Structures are given as structure tokens and as C-alpha cells.
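Chain by chain, the residues:
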Amino acid sequence: MKFEDVLGKQVLILDGAMGTMVQNLELDDAAFGGPAFKMLTDLLIFSRPDDLKQIHLKYLRAGANLIETDTFGSSPLRLKEFDFTQIDLADIKAIPNGLDLKKSDYTAITHHLNMEGCRIAAKAIEEYKSEPEYDGRPLFVAGSIGPSNYVLSKTEADLNKATWDQIVDNNFQQVKGMIEGGADVLLFETQQDILELKASLIGAHKAFEKTSQTLPIIAQVTVDGFSKMQIFNTDIHSALVAVEGMGISAFGINCNTGPELMEKTVEKLSRVCSLPISIVPNAGQPVSEDGKTCYKLEPENMADYVERFVKDFGVSIIGGCCGTTPEHIRAISKRLKGLVPQTREVEKKVFVSGPQEAIPLDSSESLIRVGERLNVRGSKKVREAVERDDEMEMGVLEEVVEEQVKDLGIDIIDVCMDSNIVETEKVLPQVINELTSDFKGVMCIDSFSVEALQAAIETYPGRPIINSISLEEYEKGVSKLDAVLSQTRHHNPVYVALVNGPEGPGQTSDEKYALAAEIVKQAKEKYKVMP
């Protein structure tokens, strides 16, 4: 039985905390390759595979459907935090043949950790299925993918910065290993930068193309009690809109808070999320006791909360994050046994999003207003701030944005940097990156250059509008529609279509209708982009 065959038709139980269970093993430093590696519990895949299998078995016996691999930090960027030339191999006995950890080949280490991590979880499932207590429920290996510890979105905070291509490759490598290891579903969890998550999903889809194998994806972000991703102040609805059209099967939240502070977010998701919802809380809020972080929410009390999430808000996947144990999963599994997620009424609107908020494209009560002052060709003020021999006057551009968003109440800002003086392909993404650090609106990315549009959308932390596509010839034998959609459709933007053809704009109503119909037809048939 496949994951997507049962998703949404019954409540699926994700397992509990891996870190808590590893701590309970009370292993010495040697099991991790020395004290410098003790934070990388993923290395137990090579040193204690049997212990990991036993942890998986405990969660299976407690009633879990989905078993997470011990691969949360098994990506090249995370692994580069460790100097493997210094690792002590004396107590690491299950290193795959041909892998030399001391060479610090992070791509190779990534591949083997994810492949073997998935195989360990799969072996636990097979062993559990042979036990008399197995009840025939569907069981799946969930490949755990944490954040990279780098960010893509603009921030003044002292955080590691990465490029789009680095994040794409980071997750491409991790997912390839999971596919070879037999993962049934990918679980992107504890994500804190929506732009990083977008790049990570692109990396996963590249791995699907490379291996000719596609896996369902659960995408989970981390929010506070106010439904905000804390570093960038991204509202949960904005985060959802940014990624829900990027080939994921379920969306939700995990970590940071206990279930008592998640209800506001769960309620909001129940109204706006058309995908199955996944909710994975901590065992309450953390407290410090004798220098240790402890989680005090009892299993039955946690079950009380998540039962309401399923019955009142239609949540489809429930699990446990920090501090949860097999006892929590057992209580949740018993409480939710036989329940079907409550049917939800979801808002039927088209949304776009920026780094902080989601905006409906709704003209039922008033016109959709688009501010067009951030345009090199349409504003002398903007042109003089951009077309300079030295650095752009970003403060001037910020003033132009604020005038439209804060003073005039315009939600959507058209950004056009097409210029004969500066290189649009570099300036447009730079402007977008700089202006989205504290921006409550949505951007319409506007350029005739497809290369500029592609670079710009890779810097935009949300679901933008792209201006524009048409049937006019972009280059010999290639229409603007083909050029733009082939490079940007994986981001799921909303497109502005101009009724222009090879001979120019449509002149009569019949010509315009025919061009519009052909644009819709080609977008749907060639690229699966729907109006």
C-alpha cells in the first residue's frame, strides 16, 4: 500500500523524538566518533545501527505508521560543520564498504548516511511485520530532512548565508541517497526559511528526475504561538502559499512549541490548506532542570490536544517532536484509532504571497491594485537610484515601496529593472533580495528577460506574480510562453498573460480571445500550468 493511497483517508501516526531516545541510550563519546561529533547523532547509523533499529521498533510497537530516519542533519552543508579528518573510528564498526570517513567527502558521506538510515528503518518495519502483535496497518519509512543551518532570505542577523544552487544541491544529494535506501516518503521538517524550503523542494524534484522515481513529500515549518516563522516573521498562510503548488503531498508544522500553543495555527491551516495537514508538537514547553532541558507534558494530556486537532480541524498526520517518547505515541495511537480526519471547508481563492503575508487575488469587491512605481523605465526617481556608476541607492527604492504599501495601502508591487545601462539579470534579483527583508506585500516580478525572471524568482521568499507570458517570439523558434514557463513553472507563480502573438498584439476582440485561448491551451498541455 502506498502512502498517498491512505493519506487523508485515516489518521496517520508519525513517530516521536529520535534525540530523546538517543539520549536515553547514554552512549559514550566513542559511539559518535569523539566529543566533537556528539551533536551529530546521525553517525549512529554507522556505529549503532542495531540501537537505531530498536528505537524504530519501539515506536512501531507503540502504534506509529511513519518511522523517521536518523538523517535530520545528513546533508552536505550540515556535515561540513564537522572535520571528519579528526573522527575516531575505533567504535564505528558499520561503515559501508568503500567509504572513507576521514577523507571528508561530504557528498559521499551524505549519500551513505541517507541510504543506510532508510535501510535501517525498513528493516525495523519488516521485523515488526513478522511479530504477532502487528495489526496490518500501513507502515512507511519517512526520510527525515532538516534545515541546512544556512539561510537564503535576506536578514541582518548573523546567520550562515548560502546561494540558491547550494541549497538545491544540498537536498538533491540527500534525497538521492534516500531514494536508493528505499524511503517511502520525504519529510522536510523544522524548516525556518521559506526560501530555503523552496530551494530544497527543487533539489528533491531534481533527484526525482535523476533517478526516475518520485516520492510523496511532507513539508513542515516551525512557527511560534502567533503562527509566525520567527526568523523572518513569515505567517503560516504565507508559508503554505509559497510551497503548496510545488509538488508536496501534505503541509504542516513541527517543533518549537507544545500542542497548547499550536491551536491557533492548526485552526488557520484548517481554513486555508487544501492539502492534508501534518501537526507534530513537542511534549509541551521546555523547562530546565539540573542543567537539562525537560519536557513535561504527559502522554494522555498530549493525546487530549491532538484528538481535538483531528476531530475539530481535520488534521491527517499526528506525531511527536522534542521530548516525546513511545509512551506519547502509544497514547496518541490509542486515542486516534479508527478516527477519520474531519472534513474541512477550505477557502476557494487564489493567493499569492510575500515573505510575511499571503494576499488573495480577489476582485469580487474591488479592483486588484498593483503599484508600478518601482520601475526603472517608469520612474525618474527609481532610474536615478538604479542606473549609477557606484552602488544603487537602496534607501530610495525602500521609500518608493513604503509609499505604495504603507501610505497607499497597495498589496502588490510591480518590480521592473529592465535597463540599457545596468545588467538586469543581476540588478533585479539584488533589488528583490534587499527589499524583501521587511516587506508585508507581494511582488510582481516584471522583465522581458527570461534570465532575469529566473534569477529573480530564486531570490523571492514567497509565491510571486510573473509579468509576463505571451505567444510573441522571444528568440528564434521559441515563444515568450515557452521561454518563461520552462524556467519558472516549478516555483508555481501566478502568471500575467498578454494577448500578443508572433504578429504582434491582438487587434480585435476575436483575435484577443483566440490568442488568450491558445495561451491557456499551451500552458496547460505543455507545462500543466492552469489558469
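Notes on the structure in this doc start here. This is a predicted model, so every value here is computed, not measured.

1. Things to note about the overall build of the protein
Phase 1 of the analysis: Helix and strand content of the protein: 18 helices and 23 strands.
Phase 2 of the analysis: Its C-alpha atoms give the protein a radius of gyration of 25 Å, within 12% of the compact-globule value 24 Å for 531 residues.
Phase 3 of the analysis: Considered along the principal axes of its C-alpha atoms, the protein spans approximately 75 × 50 × 45 Å.
Phase 4 of the analysis: Counting across all 531 residues of the protein, residues that qualify as buried make up 57%.
Phase 5 of the analysis: Contacts in the protein between residues at least 24 apart in sequence constitute 74% of all its contacts with a sequence separation of at least 6.
Phase 6 of the analysis: Here the protein displays about 23100 Å² of accessible surface, and carbon together with sulfur accounts for 46% of that area.
Phase 7 of the analysis: Put simply, the protein has 56 plus and 83 minus side-chain charges, and the middle of one group is 4 Å from the middle of the other.

2. Section: the environment of Ala-456
Phase 1 of the analysis: Summarising the element assignment, Ala-456 is placed in helix H16 (residues 450–457).
Phase 2 of the analysis: Its relative accessible area of 0% is what places Ala-456 among the buried residues.
Phase 3 of the analysis: Measuring from C-alpha to C-alpha, the distance between Ala-456 and Val-431 comes to 8.8 Å, with 25 residues separating the pair along the chain.
Phase 4 of the analysis: In this structure Ala-456 touches Leu-428, Pro-429, Ile-432 and Ile-445, once residues within four positions along its chain are discounted.

3. A look at the pairing of strand E17 (residues 442–446)
Phase 1 of the analysis: Counting buried positions along E17 yields five of five residues, so the element is predominantly enclosed.
Phase 2 of the analysis: Handedness of the β-α-β unit built from strand E16 (residues 412–416), helix H15 (residues 424–435) and E17 comes out right-handed.
Phase 3 of the analysis: The parallel pair E17 and strand E18 (residues 465–469), bridged by H16, forms a crossover whose chirality is right-handed.

4. Quick look at the packing of H16 against helix H17 (residues 480–488)
Phase 1 of the analysis: Orientation of H16 relative to H17, taken along the N-to-C sense of each, is 25°, at an axis distance of 10 Å. Comparing their axes, H17 and H16 come out roughly parallel. Here H16 runs over H17; the crossing is right-handed. For the pair formed by H16 and H17, the contact residues are Val-450, Leu-453, Gln-454 and Ile-457 on the first element and Lys-480, Ala-483, Val-484, Gln-487 and Thr-488 on the second.
Phase 2 of the analysis: In the contact of H16 with H17, the residues fall into five nonpolar, three polar and one charged.

Rules and cut-offs
- Residues numbered from 1 in each chain as written.
- Predicted model: local features only at pLDDT ≥ 70, side-chain atom pairs only at ≥ 80, totals over all residues.
- Heavy atoms only, no water.
- Helix = DSSP H or I, 4+ residues; strand = E, 2+ residues; numbered from the N terminus.
- Rg over C-alpha atoms; globule rule 2.2 N^0.38 Å.
- Buried < 20%, exposed > 50% of the residue type's maximum accessible area, 1.4 Å probe, protein only.
- Contact = heavy atoms within 4.5 Å.
- Areas by Shrake-Rupley, 256 points an atom, 1.4 Å probe, with all protein chains shown as cover.
- Lys, Arg positive; Asp, Glu negative; His and termini not counted.
- Charge placed at Lys NZ, Arg CZ, Asp CG, Glu CD.
- Right-handed = clockwise from strand over helix to strand, strands pointing away.
- Axes fitted to C-alpha atoms, helices over the stretch in contact; angles between N-to-C directions.
- Parallel < 35°, antiparallel > 145°, perpendicular 65-115°, else oblique.
- Left-handed = near helix turned anticlockwise from the far one by under 90°.
- Nonpolar A, V, L, I, M, F, W, Y, C, P; charged D, E, K, R; others polar.

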